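# Notes for the structure review
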Amino acid sequence: MAGSQLKQLKAALKAKGLVGQTNVKKKNKKSAPSETRKDQEEKKRALGQIHDDFNLFDNKINRAKHDYTIIQGGKFVKAGSKQHNDVAKSKSGLEKALKMNYEADKKLRGRAGGLVDRRFGEKNKNLTEEEKMLERFTRERQASSKKNMFSLESDDEYDDDGLALTHSGKALSFEQDFDEGDLGVSDKRYVDEDSEQPPKKKSKKDVMAEIIAKSKYYKKQRQMEFQKTQDEIMDLDDEFGDVLSEMNKQKAANNAFKQKSQQDIEYDQKIRELTYDRRAVPADRTKTEEELTAEHEERMKKLEADRLKRMDGLHEDRPADADDLDDDFWERNSENEADGFQEESDSGEEESSESEEESSGRRPKTPAVSMPISHGQLLEHLEDKKGDEVISHFKKISEVYHPRLAAGNKEKMDNFVGIIFEHILHISDQEEVDAKLVDDLTKLLRTMAEKYNQALVETVRTTLEQIKTRVVKNQVRKSDLVCFVILGYVFSASDHYHLVITPALIIMNQFLNNEIGETHIENIGKGLFICDVLLQYQFYAKRYYPEVIKFLERALTNLLPEPKKLVDALDARKVDGKSNLDKKFHSKTQPRAIRVSELFEVPDAEAKFNFIARAFTTIDRIVGMWKEKSAFLEILHPLMTLSKHALRYFSTELPQLQSLVERMSKLESNLTKSRKPLTLQEHRQLAIKTFAPKFEENFNPDKKSYDENRDRQELNKIKAQIKKEKKGALKDLRKQTRFVARQQISEKKEMYSAYHRKMANIVNTISTEEGAEKNSYERERKKRKNQK
């Protein structure tokens, strides 16, 4: 039968005719007879059979994959056997036992009498339990005077009545010989001496008597053989000591006459020397590429973990520097090799050459390049150099003034790194900026800042103080924006607190906050640039900046067409609308990247459109970065309003707006569904109880109690047993009570149904009789009426 259990059950019920279409015709439905008692019994039997067929746990045995033995009921049972799986029938068996007890109690209910206890001394209060048991045992022994003649354990040839076991008219004895294959059928035929009739056929009783006699005979034979074997073993055990002593004497005599040769003596000496030799220790093997890669990944994970600690503000005992370096930093110069710096081997060669020159009496030559002390001197040295020549000049200075070549070079290199930072800012303020030179100098600055950063931090903090003054006066330069980018590239921007990054964050947020209060159209591009820098700073930490959201909201309100609708939707301050684009504006070109120099020009309509495109790119980046924040639903509301408003006017020029709006709509619906209101705590906070653990010095898992008092230990054991038995008894009583209640309810239901059937039959009988009398009365009335 295929299909699920439900389908199989429906099919079984339909096959028995319990469900489905019946054969009763429509016109006979009203007059269909009710089910008889026989039909109901057959229906119950059919349902019971279906129930048994579908109760697979009572019919099947779950076999284990591997055979193993368990202890069940005090016996060793193989798991998967029928004896073990009889536990599956425990519930049904218990129900049957309870039902049988209930039926027995029901039959005896209300009856007098029963069994009478006629045991000796049962009602005698003067006798103890031991005396009663002893007297009963004595009387039982006296009463059992007859033994079973078929008992295999009996050693007596005759029973108490003088009856002997015979075979073919002869008495059986243990000395009689039988063949092992003989089962009582012999070629000899015994006949009665007083009669010439043929021998009588053996009865079943005679055959069984013969089998029992042979069994006793073979049992006696086995016992005799076993006893003989045991006697021989005991004799060998007694003589084993003498045999062993003789063997030892003979072996000692042989060893006394045997002398070792010179070769054997030398061999034994070599063995003793090798015993005390030290074992060779294996040398360090060459590591494979996989092992080297794994070590590198482990080191990078450690550095990342240290960075995350700094990001979360988990400082160590020492105060954090601008950028922490490892202790083995000076041994690592792989990046210096990539940038053309001097290797350790080169420095060693230079030191050796210097020592040779000193030993020969010659002084070393003065370096070809000189170290600038200030940025002004650096400009004089770089007067005729451009592009790659500037980078080569800086590398040459770092090689000549390496800290290992002379004392004081480290301080000079620290000051030189700060001068490089000032030179990058100087180049950035020029009208024509060499972008490639700025990028190369920034990479060089980052490489050198890993070694020399003390003076650089002081230079950067001084520069930030100057930028702060210009931010307050609304006089921001191009070099200020470039400075913010360089700081995020050179230093770790995700730290919770940093000597350089933290002041820079404060200054940038201050600039955005000033523009939120009073927006200048010429500062919108600068603000968008600073927003991108702030988001880049929080690429790892993902901290929230409310100034960024407010600035984007204010900037787009001053740029998008029809700002009045935005003001009403966002409940923001009104704008004059002079800087907003016209609703009929259509850009002739696609949005493009904005150069830093364009941010300091008065924006035209195309520049404003580029600012709008850049703002929505920043919004898309914000959605991806802060979507995991718990308050992102509130953050998303103004951004979604701005995006929908811009989609009405620039759906063609900015096709990414449609996907951005759909993405934000999905996020808003999901966040709304997942957000649950806060609930008050129903009870006061309770402290968790703590206990001092108790340890046993000599712990033994097999030992149940460590109480030294034996009496108290036995008392606690008895109490535990009583508690266990009481619990089991209460459980059985509850189970029996529930079963009795169910049986009583079913009996009451059956009684009520029988009563209602009886009353229905009486009513039907009365109705039939009344109907017949009524009909006869009507016929008689009509008859008399017709006679008149």
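Here goes a summary of the coordinates provided. From a predicted model like this one, the values you see are computed outputs, not experimental measurements.

## So, the overall build of the protein
Looking only at helices and strands, the protein has 24 helices and 4 strands in total. Residues classed as buried in the protein amount to 25% of the 788 residues present. Looking at the protein as shown, the accessible area adds up to about 60,500 Å², and 52% of this sits on carbon and sulfur atoms.

## Points about the side chain of His645
Structurally, His645 is set in helix H22 (residues 632–647). Overall, the relative accessible area of 4% leaves His645 in the buried class. In contact with His645, not counting residues within four places along its chain, are Leu560, Pro561, Glu562, Lys565 and Leu566.

## Considerations on a nonpolar patch on the surface
A cluster of nonpolar side chains, Phe240, Val243, Leu244 and Met247, forms an exposed patch at the surface whose accessible area comes to about 410 Å². Structurally, the position occupied by Val243 is in helix H6 (residues 204–257). Classification of Val243 as partly exposed rests on a relative accessible area of 48%.

## Examining the packing of helix H13 (residues 409–428) against helix H15 (residues 454–472)
Running from amino to carboxyl end, H13 crosses H15 at an angle of 35°, the nearest separation of the two axes being 6 Å. Our pair here, H13 against H15, has a crossing hand that is right-handed. Residue-level inspection shows Asp414, Asn415, Val417, Gly418, Phe421, Glu422 and Leu425 of H13 in contact with H15, the latter providing Gln454, Ala455, Leu456, Thr459, Val460 and Thr463. Looking at the contact of H13 with H15, its residues break down into 6 nonpolar, 5 polar and 2 charged.

## Side note on H15
The end-to-end C-alpha distance of H15, which contains 19 residues, comes to 28 Å, matching closely the 27 Å that a straight helix rising 1.5 Å per residue would cover. Of all the positions in H15, only Leu456, Val457, Thr459, Val460, Thr463, Leu464, Ile467, Arg470 and Val471 are classed as buried. Within H15, the buried residues cover an arc of 160° as seen down the axis, which keeps them to one side. H15 presents Gln454, Glu458, Glu465 and Val472 as exposed residues on the side facing more than 90 degrees away from its buried surface. Buried residues along H15 sit against H13, helix H14 (435–449), helix H16 (478–490) and helix H17 (501–517).

## Examining a negative patch on the surface
Together, Asp231, Glu232, Asp235, Asp237, Asp238, Glu239, Asp242 and Glu246 make up a region of like negative charge exposed at the surface. Assignment of secondary structure puts Asp235 in helix H6. Given a relative accessible area of 45%, Asp235 falls into the partly exposed group.

## Regarding H16
The end-to-end C-alpha distance of H16 is 18 Å, a good match for the 18 Å that 13 residues give at a rise of 1.5 Å each. The buried fraction of H16 is high, at 10 of 13 residues. For H16, every residue scored as buried is listed here: Lys478, Ser479, Asp480, Leu481, Val482, Cys483, Phe484, Ile486, Leu487 and Val490. In this fold, the buried residues of H16 make contact with H13, H14, H15, H17 and helix H18 (524–537).

## Description of the packing of aromatic side chains
Scanning all chains against the criterion turns up 6 aromatic pairs. A centroid spacing of 5.0 Å and a plane angle of 75° characterise the contact between Tyr544 and Trp626, whose relative ring orientation is edge-to-face. On the criterion of sequence distance, the pair formed by Tyr544 in the loop between H18 and helix H19 (546–557) and Trp626 in helix H21 (residues 605–626) is long-range, its members being 82 residues apart. The buried category is assigned to Trp626, whose relative accessible area is 0%. Aromatic rings pair up to connect Phe585, Phe609 and Phe650 into one cluster. Positioned over the ring face of Tyr540 is Arg307, at 4.3 Å from the centre of the ring. The ring of Tyr489 has Arg446 lying over it, and the distance from NZ or CZ to the ring centre is 4.6 Å.

Conventions adopted
Residues numbered from 1 in each chain as written. Predicted model: local features only at pLDDT ≥ 70, side-chain atom pairs only at ≥ 80, totals over all residues. Heavy atoms only, no water. Helix = DSSP H or I, 4+ residues; strand = E, 2+ residues; numbered from the N terminus. Buried < 20%, exposed > 50% of the residue type's maximum accessible area, 1.4 Å probe, protein only. Areas by Shrake-Rupley, 256 points an atom, 1.4 Å probe, with all protein chains shown as cover. Contact = heavy atoms within 4.5 Å. Patch = residues over 30% accessible without salt bridge, like charges linked within 9 Å, V, L, I, M, F, W, Y side chains within 5 Å. Salt bridge = Lys/Arg side-chain N within 4 Å of Asp/Glu carboxyl O. Axes fitted to C-alpha atoms, helices over the stretch in contact; angles between N-to-C directions. Left-handed = near helix turned anticlockwise from the far one by under 90°. Nonpolar A, V, L, I, M, F, W, Y, C, P; charged D, E, K, R; others polar. Expected span 1.5 Å × (residues − 1). Arc of directions from axis to C-beta. Lys, Arg positive; Asp, Glu negative; His and termini not counted. Charge placed at Lys NZ, Arg CZ, Asp CG, Glu CD. Phe/Tyr/Trp six-rings, centres within 6.5 Å; stacked < 30°, edge-to-face > 60°. Lys NZ or Arg CZ within 6 Å of the ring centre and 35° of its normal.

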